Amino acid sequence: MKPAARRRLVSEIRQRHELSEKRACGLIGITRWINRYQSRRDPQDELRMRLRELAASRVRYGYRRLTVLLRREGWKVNTKRVYRLYREEGLQVRTTKRAKRTARSRVSLAGAVGANQRWSMDFVSDRFADGRWFRILTVVDQYTRECLCAYADRSQTGDKVVEQMKRLVARRGAPESITSDNGSEFAGQAMDAWAHQAGVRLDFIRPGRPVENGYIESFNGRLRDECLNAEVFFSLTDAREKLERWKRDYNQRRPHSALADRTPEEFAGMLGHRPFALPIVDKADPAACQGSAAAGQKPPALDTPSDLPKRTEIRAKGLCEEPGLLERIN
């Protein structure tokens, strides 16, 4: 038991049983000097007030993400200080403990190496205030963790999924592959025909193995915890507006632990290379290499091949050197 708690016990015992300070301290096991100690620590009222305001607006954020938000505002604090104030103010987030399951060998996910290379998609269901159900199509970029789509509708069909895919491809370019489950909306003829035309590979996970699509499952958990459980939806228009507002906040303001506490858009903007997006016409060309940055691109008219000097020897990496120079080097 910490000294602060022991001092509180001494005060309660003295009030209830009318004991002297010496007697009460002896029963609790502390000295009178510890009981009389007054903390000289700065109460940090301004920091506490701002922490309460952030916790009230971000009800599902823990102390680590709140620390990132405070640092963005210019507060010079570390995680331990925020955690201490977080506990003292009673701001802990209540979470449900998961039941322990038997350990299984998991299938390793194929990691993306560039932005817009691999997408993941799935559905999330929720209810309006009157009890009617609606479904949300969610799409995320596996590399940048960006939320590309959070489209709500009363029912989701393969044609509606294709419509959203066309909008994303027109804005961002076609990915190399899309990971999803074996639902009829994803494995139907409409989606299969669009994927063939767009040159996109559909990667289906095994039935009953959502862990194989862990990117979208993790995102759906954040969507459920931070948006669906915190909002009340009255109509389809209201649901779409609130989902779009949360989507912008997720991409532009919410710190992501897998991205070194950066936002997905901030991380995407830091990439030094172009997104891994290939035009559809280029992907249909069998001679183009998908892993090359120059796939399907014609050389500029001004970049004509230069005349090579005579009696040259082609060495590794395309270097041209005269034989006399090679003899001097050797």
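Source: prediction; values computed, not measured. Sequence order as written defines the numbering, with residues in each chain counted from 1. Confidence filtering applies because this is a predicted model: local features only for residues at pLDDT of at least 70, side-chain atom pairs given and counted only at 80 or more, and all residues used for totals across whole chains, interfaces and linings. Hydrogens and water molecules were not included; the side-chain quantities draw on all heavy atoms of the structure.

Think of each axis as a best-fit line through the C-alpha atoms, taken over the contacting stretch in the case of a helix, with angles from 0 to 180 degrees between the N-to-C directions. Starting at the N terminus, helices and strands are each numbered in turn, a helix being any DSSP run of H or I of at least four residues and a strand any DSSP run of E of at least two. Their axes nearest at 9 Å, the elements helix α5 (residues 63-72) and helix α6 (residues 79-88) cross at an angle of 115°. For the element pair α5 and α6, the recorded crossing hand is right-handed. Residue-level contacts link Tyr 63, Arg 64, Leu 66, Thr 67, Leu 70 and Arg 71 of α5 to Thr 79, Val 82, Tyr 83 and Tyr 86 of α6. Any residue outside Ala, Val, Leu, Ile, Met, Phe, Trp, Tyr, Cys, Pro, Asp, Glu, Lys and Arg is labelled polar, Gly included; the first ten of those are nonpolar and the last four are charged. Looking at the contact of α5 with α6 residue by residue, the classes come out as six nonpolar, two polar and two charged. Here a crossing is taken to be left-handed if its near helix is turned anticlockwise relative to the far helix by less than a right angle, and right-handed if that turn runs clockwise. In what follows, a contact means two residues having at least one pair of non-hydrogen atoms within 4.5 Å.

Moving on to helix α7 (residues 158-172). An α-helical turn contains 3.6 residues, so a residue and the one three or four places further along point in the same direction. In this model α7 runs 21 Å from its N-terminal to its C-terminal C-alpha over 15 residues, within 8% of the 21 Å that 1.5 Å per residue would give. The buried label applies to any residue whose accessible area, calculated with a 1.4 Å probe on protein chains only, is under 20% of its type's maximum; exposed applies above 50%, and partly exposed to all values in between. For α7, the set of buried residues is Gly 158, Val 161, Val 162, Gln 164, Met 165, Leu 168 and Val 169. Around the axis of α7, the buried residues are gathered within 165° of arc, so they sit on the same side. Structural note: α7 exposes Asp 159, Lys 166, Ala 170 and Arg 171 on the side pointing more than 90 degrees away from its buried face. Positioned one or two residues after α7, Gly 173 has a phi angle of 95°, which is positive. A helix is expected to reach a length of 1.5 Å times the quantity of its residues less one. Along the arc lie the directions from the helix axis toward the C-beta atoms.

Moving on, we come to unusual backbone geometry. For Arg 145, which is not a glycine, the phi torsion comes out positive at approximately 65°. Positive phi values are uncommon outside glycine, yet Ala 260 reaches one of about 60°. Mapped onto the elements, Ala 260 comes out in the loop between α11 (236-252) and α12 (264-270).

Note on placement: Lys 247 falls in helix α11. For the pair Lys 247 and Ala 150, spaced 97 residues apart in sequence, the C-alpha to C-alpha distance is 7.2 Å. Setting aside residues no more than four positions away along its own chain, Lys 247 makes contact with Cys 147, Leu 148 and Cys 149.

Let's shift gears to the sheet that holds strand β3 (residues 147-153). Any two strands with at least two DSSP bridges between them are considered paired. The sheet built from five strands is open, its strands ordered β3-β2-β1-β4-β5 with mixed pairing. Of all the strands in the sheet, the pair left with one neighbour each is β3 and β5 (201-204). Put simply, the sheet's adjacent strands are angled 25° from each other on average, direction ignored. Pairing geometry for strand β4 (residues 177-180) and β5, over four bridges, is parallel. Considered in β5, the bridge of Ser 177 is made with Arg 201.

Further remarks concern the packing of aromatic side chains. Geometry of aromatic contacts follows a simple scheme: Phe, Tyr and Trp rings, the Trp one being its six-membered ring, pair when their centres are within 6.5 Å, and the pair is stacked under 30 degrees between planes, edge-to-face over 60, tilted otherwise. Inspection of every chain in the model, using the stated rule, returns nine aromatic pairs. Centroid distance Phe 134 to Phe 233: 5.7 Å. Interplanar angle 80°. Geometry classified as edge-to-face. In this pair, Phe 134 sits in strand β2 (residues 133-141) while Phe 233 sits in the loop between α10 (214-228) and α11, placing the two residues 99 residues apart along the sequence. Owing to a relative accessible area of 0%, Phe 134 belongs among the buried residues under this scheme. Their ring planes at 55° and their centres at 5.8 Å tell us that Phe 219 and Trp 246 sit as a pair that is tilted. One end of the pair, Phe 219, is in helix α10; the other, Trp 246, is in helix α11, and 27 residues separate them in sequence. Note on Phe 219: relative accessible area 3%, which makes it buried.

Looking now at the confidence of the model for the chain. For residues with low pLDDT, the predicted coordinates do not support detailed interpretation. pLDDT runs from 0 to 100 and stands for how confident the predictor is about each residue. Across the chain, the average pLDDT comes to 82, with 78% of residues at 70 or higher. Below pLDDT 50 for its whole length, residues 102-106 participates in one contact with residues either more than four positions away or in separate chains. Taken as a whole, residues 273-330 scores under 50 in pLDDT and shows 48 contacts with residues more than four places along the chain or in a different chain.

Within the secondary structure layout, Asp 238 lies in helix α11. Not counting chain neighbours up to four residues away, the residues in contact with Asp 238 comprise Val 232 and Phe 233.

It is worth spelling out the pairing of β4 at this point. Side chains of β4 alternate between two faces, with Ser 177 and Thr 179 and Ile 178 and Ser 180 buried alike. Two strands pair when backbone bridges link them, and strand β1 (residues 118-127) and β4 are joined in this way by three bridges, in the parallel orientation. Counted as the bridge partner of Arg 118 is Ser 177 from β4.

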